[in-house]
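Chain by chain, the residues:
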Amino acid sequence: MRKVKVMTVFGTRPEAIKMAPLALELAKHPEFDALCCVTAQHREMLDSVLDIFHLKPDYDLNVMQPRQTLSAITSKCLTGMDGVLESAKPDLVLVHGDTSTTFAGALAAFYHKIPVGHVEAGLRTYDKWSPFPEEINRKLVGTIADLHFCPTPSNRDNLARENITQGVFLTGNTVIDALQTTVIKEFAFGEAILNDLDYVNRKVILVTCHRRENYGQPMTNIMTALRRLADAFPDTELVYPVHLSPVVQEAAHQYLDGHPRIHLIAPLDVREMHNLMARCHLVMTDSGGLQEEAPALGKPVLVLRRETERPEAVEAGTVRLAGVEEEVIFRLASQLLSDRNEYDKMAHSANPYGDGRACRRIADAIAWHFGLRDTPPEAFGA
Ligand code: UD1
Ligand code: UDP
C-alpha cells in the first residue's frame, strides 16, 4: 500500500508548539509518510520547541534575519518552499494558524497544486488591522485550503459564513494536547528566580507582549501600566519572559528595567512556560496561545489587545479584554489584585479549546479524506 505523504510546515514558536504534537501523531500512523519542514521564521524560539518535543525537521529553510520585514519573510518562505515541494512531492501540506510562514506555505503548496490542510482554521476578528497581519493571513489560507481543522464550533461557524463548508472538521486545538504533556507537579525551573519565587504568599503575574499592532504607543501604555501595578501592589512579582523581537526587547527594558519585583527574563522553553503558568496568580498577555492555555489551567487572563479572535474563554468568564489603554489595564488588574470575589469569579478552569485529542482527530480526518477510513472522526465536544 502506498503511504500518504503528509508534510507539516511551520516556522514560529507558537506554530511549533501546536504542530509538534501533530507531527509526532502522524509519525505513529503506518499509513502516513510524515515529513516536517520548518521555515525557521523564528530561530532560537523555534529550536527550543523542537528540542523539547525531540522533533527533527526533514527540511529547514533557515529564513530568520533580525528585524525581518513581512515581505522578506513571505518571499523567502515562498521561494524556499519551491525546492522542498519539488523534491518531496507531498500528497498534503499542513500549515498552522496565521503567520507569514502559514500564508507562504499554503500559497507555495497551491502553486504546486498540492492540497492544503489548515490547522487552527476559522479564527476571525473581522478587523484586517488587528491582529496585523494575521487576520488577513488566516483568511487567505482559508481560501486556499482544502481541509480545515477548526478548534471550536464558533470557528467552524465563521468558515460557514464565508461559504466554506466542505472539508471542515471540528477537532479542538492541538495546544491542549501539548499542554497535557508538559505540566507536572514537581518541576524544577532552569531559571533560578522561578524556583525562588514564593508562589503561595506572593501574587505572581505572568506577562507576555509581542504583537506587531501593539508596537509603539500601545506597548508604551502596557509597559507603563505594568510598572504602576508593581509599584501599587507590593505583594506582586511580575515575571516577563521577553520575546526576542528587538522592538519588544527595547520597549520592555526601557520601561521595566530596574524594578526589584519585575523580572525580565529570556523566553522560556515551553515546559517552563506551562509550569510557570500553572503556578502563577494572573496572566496579562497579548498572546494568542496563552489565552487558550491559561483557562485550561484555571488562571485568569487580562488580554492586552482591543479585540480577540478567541471569544470562547471570555464567554466562559476566565478571560477579560483589557485593551491597550494604560488607565483601563491598571484599573482592571488592580481590581483582580485587591478584590478576592472578582478574582474568584475568573479563576476557574475552562476547556473551550480542546480535550487533548485534537491531533488524533486531525490524523483520522486526513486518513478518511484519503480513503483510508470508512468514517470521519467524531467532532470535538460531540
Ligand atoms: C510572529 C508572527 C505572529 C506570532 C509570533 C509568535 C507573523 C507576521 N507574525 O511574530 O503571528 O504571534 O511570531 O511569537 O508571522 N527573533 C529572534 N529570534 C527568534 C525569534 C524572533 O531574534 O527566535 C527576532 C528577529 O529579530 C525577528 C523578530 O524577532 O526579526 C520578529 O520576528 P517575526 O517572525 O518577524 O515576528 P513576530 O513578532 O515574532
Ligand atoms: N511561550 C513559551 N515561552 C515563552 C512565551 C510563550 O513557550 O517565553 C509559549 C506559550 O506557552 C504558547 C506560545 O508560546 O504556547 C505562544 O506563543 P506567542 O505568544 O509567541 O505567539 P501567539 O500565540 O501570540 O501567536
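The shown structure was predicted, so the numbers you read here are calculated from the model rather than taken from an experiment.

Draft legend 1. Here's a closer look at the packing of helix H1 (residues 13–28) against helix H2 (residues 44–52). Running from N to C, H1 and H2 point in directions that differ by 15 degrees, and their axes come no closer than 8 Å. In terms of axis orientation, H1 runs roughly parallel to H2. Crossing of H1 against H2: the hand is right-handed. In contact with Arg13, Ala16 and Ile17 of H1, H2 contributes Met45, Leu46 and Val49.

Draft legend 2. Seen up close, the layout of surface pockets. One number sums up the size of the second largest pocket: a volume of about 180 Å³. In this structure, the second largest pocket is lined by 13 residues; those nearest its centre are Pro21, Glu25, Asp177, Thr181 and Cys359. Elements that contribute at least two residues to the lining of the second largest pocket include exactly H1, helix H7 (174–182) and helix H16 (358–369). Of the residues that constitute the lining of the second largest pocket, the class distribution is 5 nonpolar, 3 polar and 5 charged.

Draft legend 3. Expanded view of empty space enclosed by the protein. Under the definition given, this model contains 1 cavity of 30 Å³ or more. Grouping the amino acids of the lining of the largest cavity by side-chain chemistry returns 4 nonpolar, 5 polar and 1 charged.

Draft legend 4. Highlighting the side chain of His96. Examined against the element boundaries, His96 turns out to sit in strand E4 (residues 92–96). Look past the residues within four positions of His96 in its chain and what remains in contact with it is Val9, Glu15, Lys18, Met19, Thr102, His118, Val119 and Glu120.

Draft legend 5. Seen up close, the environment of Leu70. Mapped onto the elements, Leu70 comes out in helix H3 (residues 70–88). Setting aside chain neighbours within four positions, we find Leu70 in contact with Ser100, Phe132, Pro133 and Arg212.

Draft legend 6. Highlighting the sheet that holds strand E12 (residues 301–303). If you walk across this open sheet you meet the 6 strands as E10-E9-E8-E11-E12-E13, and the pairing is parallel. The open sheet has two free edges, formed respectively by strand E10 (262–265) and strand E13 (319–321), since each of these has just one partner strand. Within the sheet, the average angular offset between the axes of one strand and its neighbour, ignoring direction, is 20 degrees. Sheet strands touched by helix H10 (residues 246–256): strand E9 (236–241) and E10. Its angle to E10, the strand with the most contacts, is close to 155 degrees. Taken strand by strand, helix H11 (residues 270–279) contacts strand E8 (203–208), E9 and strand E11 (282–285), and its axis lies near 140 degrees from that of E8.

Draft legend 7. Expanded view of the site of ligand 1. Around ligand 1 there are 26 residues in total, and Gln41, His42, Glu44, Glu134 and Arg212 lie nearest to it. In the environment of ligand 1, an oxygen atom lies 2.9 Å from a nitrogen or oxygen atom belonging to the backbone of Met45. Within the side chain of Arg212, an N or O atom sits 2.7 Å from an oxygen atom of ligand 1. Calculation on ligand 1 without its partners gives an accessible area of 750 Å², and the protein chains cover 95% of this total. Those elements giving two or more residues to the shell around ligand 1 turn out to be H2 and H3.

Draft legend 8. The arrangement of the pattern of salt bridges in detail. Here the structure, examined in full by the defined rule, presents 31 salt bridges. Here Lys28 ties to Glu25 by a salt bridge, and the two come within 3.5 Å at their closest N and O atoms. Highlighted residues: Lys28 and Glu25, both in helix H1, separated by 3 residues, approximately one helical turn. With relative accessibility at 61%, the residue Lys28 sits in the exposed group. Note that Arg320 is salt-bridged to Glu342, the shortest N-O span being 3.4 Å. Of this pair, Arg320 sits in strand E13 while Glu342 sits in helix H15 (residues 340–346), and the two are 22 residues apart along the sequence. Arg320 gets classed as partly exposed once you look at its relative accessible area, which sits at 24%.

Draft legend 9. Summary view of the pairing of E9. With 6 of 6 residues buried, E9 is to be regarded as a mostly interior element. With 4 bridges joining them, E8 and E9 adopt parallel strand pairing. Of the residues in E9, the one forming a bridge with Ile205 is Leu238. Taken together, E8, helix H9 (residues 217–232) and E9 form a β-α-β motif whose crossover is right-handed. Where E9 meets E10, 4 bridges bridge the pair, whose relative direction is parallel. Pairing of Val239 across the sheet is with His263, part of E10. A crossover connection joins E9 to the parallel E10 through H10; in handedness this β-α-β unit is right-handed.

Draft legend 10. Inspection of the side chain of Glu307 at higher detail. Examined against the element boundaries, Glu307 turns out to sit in the loop between E12 and helix H13 (311–316). Of the polar contacts made by the side chain of Glu307, one reaches the side chain of Ser130; its length is 2.3 Å. A distance of 2.7 Å separates a polar atom in the side chain of Glu307 from a polar atom in the side chain of Arg305. The residues touching Glu307, leaving out its near neighbours within four places in the chain, are Thr125, Ser130, Pro131, Glu213 and Leu321.

Draft legend 11. Expanded view of the nonpolar core. Phe10, Leu94, Phe149 and Ile366 are the most contacted members of the largest nonpolar core, which has 59 residues in total. Ranked by residue count, the leading element in this core is H1, at 7 residues. In this structure Leu94 touches Val6, Met7, Thr8, Val9, Met19, Leu22, Leu26, Gly117, Phe149 and Ile366, once residues within four positions along its chain are discounted. Core analysis: the next-biggest nonpolar cluster, separate from the first, contains 33 residues, Cys209, Leu264, Ala322 and Leu332 among them.

Criteria and cut-off values
- Residues numbered from 1 in each chain as written.
- Chains lettered and ligands numbered in written order.
- Predicted model: local features only at pLDDT ≥ 70, side-chain atom pairs only at ≥ 80, totals over all residues.
- Heavy atoms only, no water.
- Axes fitted to C-alpha atoms, helices over the stretch in contact; angles between N-to-C directions.
- Helix = DSSP H or I, 4+ residues; strand = E, 2+ residues; numbered from the N terminus.
- Parallel < 35°, antiparallel > 145°, perpendicular 65-115°, else oblique.
- Left-handed = near helix turned anticlockwise from the far one by under 90°.
- Contact = heavy atoms within 4.5 Å.
- 1 Å grid on protein atoms, 1.4 Å probe; cavity = no way out; pocket = protein on both sides within 12 Å on 5 of 7 lines; lining within 4 Å.
- Points joined across faces, edges and corners; volume = space filled by probe spheres on them.
- Nonpolar A, V, L, I, M, F, W, Y, C, P; charged D, E, K, R; others polar.
- Pairing = 2+ DSSP bridges.
- Near = heavy atom within 4 Å.
- Polar contact = N/O pair within 3.5 Å; in protein donor to acceptor, adjacent residues only side chain to side chain.
- Areas by Shrake-Rupley, 256 points an atom, 1.4 Å probe, with all protein chains shown as cover.
- Salt bridge = Lys/Arg side-chain N within 4 Å of Asp/Glu carboxyl O.
- Buried < 20%, exposed > 50% of the residue type's maximum accessible area, 1.4 Å probe, protein only.
- Right-handed = clockwise from strand over helix to strand, strands pointing away.
- Core = buried A, V, L, I, M, F, W, Y, C linked by side-chain atoms within 4.5 Å.

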